[in-house]
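# Descriptive structure summary
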Amino acid sequence: MTAWTCATCGEAHSGLTMVFGPTAPDPWWLATDAEQADGELNADMCVLPGIDGTRHYFVRGHIEIPVLDDGVGTFVWSVWVSLSQASMSKQVAHWDDPARARLEPMFAWVCTRLPYEPTTSPMAARLHTREPGVVPWIELHPELDHPLVTEQLSGITMHRVAEINAELRDRR
Ligand SMILES: [Zn+2]
């Protein structure tokens, strides 16, 4: 295979991570030990106690951004969104349902801060359920004036993927 050279900067970007995301929604990191003990967290779902016996429900989904360079595919932000109790009940009831991809999209709020200005939490979105075993995809509100929305709609270059990688590496 010949070396791939970036059309933007002329360098060869290699070994880039194409999926980034935290293992819990932002409210989980802010919750007290008691709230976490009263809540629930696994790789795909999260529940936190709210006020007056209410609960907050979160699921993990993928914001998929097409990469415009040939043969590269998709860059993914793995983020958490909050759902209403009714939507969460539907998610749980249909978790193993082979036909669950036919569920209507669900209104959701992004609850993960990504490295964008302005903040990505909260951002209005819709959760699209896919086949069992496949993480749902997240459609951002297409009319929101936000750089992440523009990227989801228009795609990004590998050069931008390299920038994101460098930025997240520096944060750690
Ligand atoms: Zn480049």
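Throughout what follows, the structure given in this document is the object of discussion. (Residues numbered from 1 in each chain as written. Predicted model: local features only at pLDDT ≥ 70, side-chain atom pairs only at ≥ 80, totals over all residues.)

## A few points about the overall build of the protein
Heads up, the condition is: Strands are runs of DSSP state E lasting at least 2 residues, helices are runs of H or I lasting at least 4, and numbering of each runs from the N terminus. Burial is judged by counting other C-beta atoms within 10 Å of a residue's own C-beta: 20 or more means buried, 12 or fewer means exposed, and anything between counts as partly exposed, with every C-beta placed from the backbone. Here the contact rule is simple: place C-beta atoms from the backbone, and any two residues whose C-beta atoms are within 7 Å are in contact.
From N to C terminus, the protein includes five helices and eight strands. Structurally, the protein occupies a C-alpha span of about 55 × 35 × 30 Å along its principal axes. Split into buried and exposed, the 172 residues of the protein put 24% on the buried side. Put simply, of all contacts in the protein between residues at least 6 apart along the chain, 50% involve residues at least 24 apart.

## Things to note about the pairing of strand β3 (residues 45–49)
Put simply, the rule reads: Strands qualify as paired when DSSP identifies two bridges or more between them.
Of the two faces of β3, only the one carrying Cys46 and Leu48 is buried; Met45, Val47 and Pro49 on the other face are not. Here strand β2 (residues 40–41) hands over to β3 after three residues, the two strands then running antiparallel side by side. Bridge analysis of β3 against strand β4 (residues 55–66) gives five bridges, and the strand direction is antiparallel. Looking at β4, one finds that Val47 is bridged to Tyr57. The turn joining β3 and β4, which pair antiparallel and follow one another in sequence, is formed by five residues; a positive phi near 55° is taken by Asp52.

## Some points on the pairing of strand β6 (residues 106–110)
The two faces of β6 differ: Met106, Ala108 and Val110 on one face are buried, but Phe107 and Trp109 on the other face are not. Pairing between strand β5 (residues 74–83) and β6: two bridges, direction antiparallel. Each bridged residue has a counterpart across the sheet, and for Val81 the counterpart in β6 is Val110. Note: β6 against strand β7 (residues 124–128), four bridges, orientation antiparallel. The residue bridging Ala108 from the neighbouring strand is Ala125, located in β7.

## A closer look at the nonpolar core
Heads up, the rule is: Buried Ala, Val, Leu, Ile, Met, Phe, Trp, Tyr and Cys residues form a nonpolar core when they are connected through C-beta atoms within 7 Å.
Residues Val81, Ala125 and Leu127 are the most contacted members of the largest nonpolar core, which totals 29 residues. Every element with two or more residues in this core is listed here: β3, β4, β5, β6, β7, β8 (137–140), α4 (147–154) and α5 (158–171). Looking at this core, the element that brings in the most residues is β5, giving six residues. Those residues in contact with Leu127 that sit more than four places away from it in its chain are Val59, Gly61, Val81, Leu83, Pro105, Met106, Ala108, Pro136 and Ile138.

## Comments concerning unusual backbone geometry
With an omega of -5°, the peptide bond running from Glu117 to Pro118 counts as cis. Tracing the backbone through its elements, the reader meets Pro118 in the loop between β6 and β7. Here the amide bond leading from Ser121 into Pro122 is cis, since omega sits at 5°, within 30 degrees of zero. Even without being glycine, Asp52 reaches a positive phi, approximately 55°.

## Section: the environment of Thr150
Along the chain, Thr150 falls in helix α4. When the C-alpha atoms of Thr150 and Ile65 are compared, they prove to be 9.7 Å apart, with 85 residues separating the residues in sequence.

## Quick word on the environment of Thr129
On the secondary structure map, Thr129 appears in the loop between β7 and β8. Apart from residues no more than four positions distant in its own chain, Thr129 is found in contact with Arg100, Ala101, Leu103 and Pro136.

## Some points on the environment of Cys111
Here Cys111 is to be found in the loop between β6 and β7. Linking Cys111 and Ala124, residues 13 residues apart in sequence, is a C-alpha distance of 9.8 Å. Beyond its immediate chain neighbours, meaning those up to four positions away, Cys111 contacts Pro25, Asp26, Pro27, Phe58, Trp80, Val81, Ser82, Ser121 and Pro122.

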